[in-house]
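Given next are the chains, with one letter for each unit.
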Amino acid sequence: MRDTSRPLPFGQAVRGVFDLALEGMVWSRRSLMMALLLGLPVAFGVLYRAVLVAKLPTQVTAADLYGVIVTVYIRFLVPLAALFYATALIADEVEGKTLTYLLTRPVQRAAILTGKFAACLATTLSLSLPSLVLTFFLLTTARGWGAVGASVPDLFRDMGVVALALLAYGALFTLLGVVLKRPMIPGLLFVFVWELVANLPGYLPRFTLTAYLRSLIRHRPPAEGFSEMFGQVLPAALCLEVLTALVIVFLGASVWIFSTREYVMEQ
Amino acid sequence: MTRSRWVVLGSSVVVTAGALLAMGAIYLSPARAAVGPMPAEGLILPADTRFVVGLDVRRFVQSELYATSEGRRAMRPQAFAELEERTGLNPERDLDQVVIAGGPSAASGRRHPGLVLVSGRFDRYKLSRAIETSGKGVTWKDHQGTTVYMFGEGRKGADAAAFLDDDTLLFGSQAAVEGTIASRAGGKAPLRANSTLMALLERVKPGSTFWMVGDQTLLSNLPQSVPAPGGSDGASLQLPAVQNLIVTGDLDPQIALDATADTADEAAARNLADVVRGLLALAALQGNQKPELKELASAVSVSTEVNQVHVNARIPHALFQSLQPKKTAESPGVAR
């Protein structure tokens, strides 16, 4: 018989919270909306195969289109998906006034947040990666399988970058969700306003996540004179180190704040 | 199992299947695998290759620049028609890619003219007959199951040609062609052993109309210094050593040229960039006599990234046409 005065072991608690949170996240209206959003590239891929492949000039290759889609995916769609899920991890519990019940369970707060974040990551990866893979094959096989082999390394690289983007943005927005009562607006401002700083010259892009993620993918428009100042490419090793450090810092801060903060429910 | 777990499992299955399919596209169909822009057939090139140049003939022929230039080459259609009648080959229609490889010959230590790999659709019988009946010292023999056509056999520097398969034609020195055929027959990919060149090829984005990669051996014949402008007698500007060079280019919607040179360190890169900028400034100064040169200089940009120098040129077609040598106008007939 377990000693109920002591909290559940960390791993067991995380797994329990993960299972519960996953069930609520994956099978929800939010996920349906996200699936439609993240599935837009697949829809474009189908449209390309059905209609556009015969109409577009041959200079516009499927690999080029795939590159554009990946760039837009990582810049906008992936951060939005992370925003909608990660900010809701704690904010939804607070708004629904169910946080109190959750915190009274014999489960460490760190385990609650870790389990929920893991469920958020699993959900967003489950929605985004299949879309990326399907889009890749829809576009690159449009003119036969001859072009697929050359682009396969890009597919694996892009999948890795998408996973890293979900991790990084997820960690950041989890922190926002833990700190702020209404994290959605600041999150949207971050994605659509602050991240534009990545296009500025100088040192400022290093204060965004986009600059590091964009530097890890190979799909970049050619630098053209003046415009090359606005699309810095940072060394890959630096990008990986910084993103890893940011994930650790954001998640660590989130766990610490959630563990020590007093949540007072509004009556 | 809960519904959510089914969704996650289904998603994992899709991703895993896609990854396996992608791996299969590389490993099960090696003919479709490539390194950067180079087709898989290029891997049979010799390991001592020092530079590789590629031209995507289809993109080149379909470009607007080629279409507008075609009118200037009025004599070419006649030559192409004769070629097609004799060999069944229309270069504009049948050629896909041309890859040129060169470097010092490992056996002789001298620079050999290189190998040319041409891929496309060939009427193999017609082309072979055309070669065999062209006379002029053409002989042929079987080498490891492949017919090799030799031009000037026995002579020093004899050339050769061979069909590697229905889609690939190989030209070059007899020794190089036979060596390449032997590698292919043995299922080898000698170029993979050239890690420097492979790394350079992987940095080239597939889809360029033309591209070139070369290591420092290619550049060893370049001058190490240039005369310093305005300097005293004998003064010269030392050029930083370039370790590798990658050049890619496209023709539409304008001529886009991107060159990346790897130097020893950041200081050398800045030095080289300054030299290039200086040359561009000199070209711009010629703008009084030739305004096109000034325009050309402003179309080129130079930047550095750690130990790399990037030179990018974006040349509109009109500017390119204006830089071409103009035909002298025919003098009017004398009036009687």
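These numbers come from a predicted model, not from an experiment.

### A look at the overall build of chain B
At step 1: Assigned secondary structure in chain B consists of 12 helices and 16 strands.
At step 2: Within chain B, the fraction of its 336 residues that count as buried is 29%.
At step 3: Across chain B, contacts joining residues at least 24 apart in sequence account for 59% of those joining residues at least 6 apart.

### A few points about the overall build of chain A
At step 1: A count of helical and extended segments in chain A gives 11 helices and zero strands.
At step 2: Helices and strands in chain A line up, N terminus first, as α-α-α-α-α-α-α-α-α-α-α.
At step 3: Across the 267 residues of chain A, 42% fall into the buried class.
At step 4: Taking as baseline every contact in chain A between residues at least 6 positions apart, the subset at least 24 positions apart corresponds to 83%.

### Brief notes about the packing of helix 2 (residues 29-38) of chain A against helix 7 (residues 109-140) of chain A
Helix-helix packing is described using two parameters, namely the angle between the two axes and the distance between the axes.
Residues and elements named next belong to chain A.
At step 1: Between helix 2 and helix 7, the shortest axis-to-axis distance is 9 Å and the interhelical angle comes to 25°. When the axes of helix 2 and helix 7 are compared, the pair comes out roughly parallel. Crossing hand, helix 2 versus helix 7: right-handed. Residues Ser31, Met34, Ala35 and Leu38 of helix 2 form the contact with helix 7, whose participating residues are Thr123, Leu127, Ser128 and Ser131.

### Quick notes on the pairing of strand 7 (residues 146-151) of chain B
All names here are of chain B.
At step 1: As judged from the six bridges shared by strand 6 (residues 138-143) and strand 7, these two strands associate in the antiparallel manner. Residue pairing in the sheet places tryptophan 140 in a bridge with tyrosine 149 of strand 7.
At step 2: Taking the residues between adjacent antiparallel strands as the criterion, strand 6 and strand 7 are bridged by two residues, where glutamine 144 takes a positive phi near 55°.
At step 3: Examined bridge by bridge, strand 7 and strand 8 (residues 159-165) share four bridges and lie antiparallel to one another. In the strand pairing of strand 8, phenylalanine 151 is matched with aspartate 159.

### Let's talk about helix 7 of chain A
At step 1: The end-to-end C-alpha separation of helix 7 of chain A is 46 Å, in line with the 46 Å expected for 32 residues at 1.5 Å each.
At step 2: The buried count for helix 7 of chain A comes to 27 of 32 residues, which makes it a mostly enclosed element.

### Notes on the packing of helix 7 of chain A against helix 11 (residues 236-260) of chain A
Residues and elements named next belong to chain A.
At step 1: Close contact between helix 7 and helix 11 brings their axes to 8 Å; oriented N to C, the two are set at 135°. With respect to each other, helix 7 and helix 11 are oriented oblique. In this structure, the crossing between helix 7 and helix 11 has a hand that is right-handed. Across the interface between the two elements, Arg109, Ala110, Leu113 and Phe117 of helix 7 pack against Leu251, Ser254, Val255, Phe258 and Ser259 of helix 11.

### Digging into the nonpolar core
At step 1: Formed by 78 residues in total, the largest nonpolar core has its most connected members in A:Val78, A:Ala82, A:Val162, A:Ala165, A:Leu166, A:Ala168 and A:Tyr169.
At step 2: The leading source of residues in this core is helix 8 (residues 148-179) of chain A, at 18 residues.
At step 3: Among residues more than four places away in sequence, those in contact with A:Tyr169 are A:Val78, A:Pro79, A:Ala82, A:Leu83 and A:Leu209.
At step 4: Among the nonpolar cores identified, the runner-up in size contains 52 residues, and B:Val52, B:Leu55, B:Leu169 and B:Leu272 belong to it.

### Let's talk about the confidence of the model for chain B
Any segment with low pLDDT has predicted coordinates that should not be analysed in fine detail.
All names here are of chain B.
At step 1: On average, chain B scores 78 in pLDDT, and the residues at 70 or more come to 79%.
At step 2: With pLDDT under 50 throughout, residues 329-336 is counted as low confidence; its partners more than four residues away or in other chains account for zero contacts.
At step 3: Scored as a complex, the prediction yields pTM 0.60 and ipTM 0.86.

### Digging into helix 7 (residues 174-185) of chain B
Residue and element names in this part refer to chain B.
At step 1: Taking 1.5 Å per residue, 12 residues should reach 16 Å; helix 7 reaches 16 Å between its end C-alpha atoms and fits that length.
At step 2: Considered for burial, the residues of helix 7 that qualify are Gln174, Ala176, Val177, Gly179, Thr180, Ile181 and Arg184.
At step 3: At the exit of helix 7 stands glycine 187, carrying a positive phi of roughly 70°.

Scoring rules and cut-offs
- Residues numbered from 1 in each chain as written.
- Chains lettered and ligands numbered in written order.
- Predicted model: local features only at pLDDT ≥ 70, side-chain atom pairs only at ≥ 80, totals over all residues.
- Helix = DSSP H or I, 4+ residues; strand = E, 2+ residues; numbered from the N terminus.
- Buried ≥ 20, exposed ≤ 12 C-beta atoms within 10 Å, placed from the backbone.
- Contact = placed C-beta atoms within 7 Å.
- Axes fitted to C-alpha atoms, helices over the stretch in contact; angles between N-to-C directions.
- Parallel < 35°, antiparallel > 145°, perpendicular 65-115°, else oblique.
- Left-handed = near helix turned anticlockwise from the far one by under 90°.
- Pairing = 2+ DSSP bridges.
- Expected span 1.5 Å × (residues − 1).
- Core = buried A, V, L, I, M, F, W, Y, C linked by C-beta atoms within 7 Å.
- pLDDT = per-residue confidence, 0-100.

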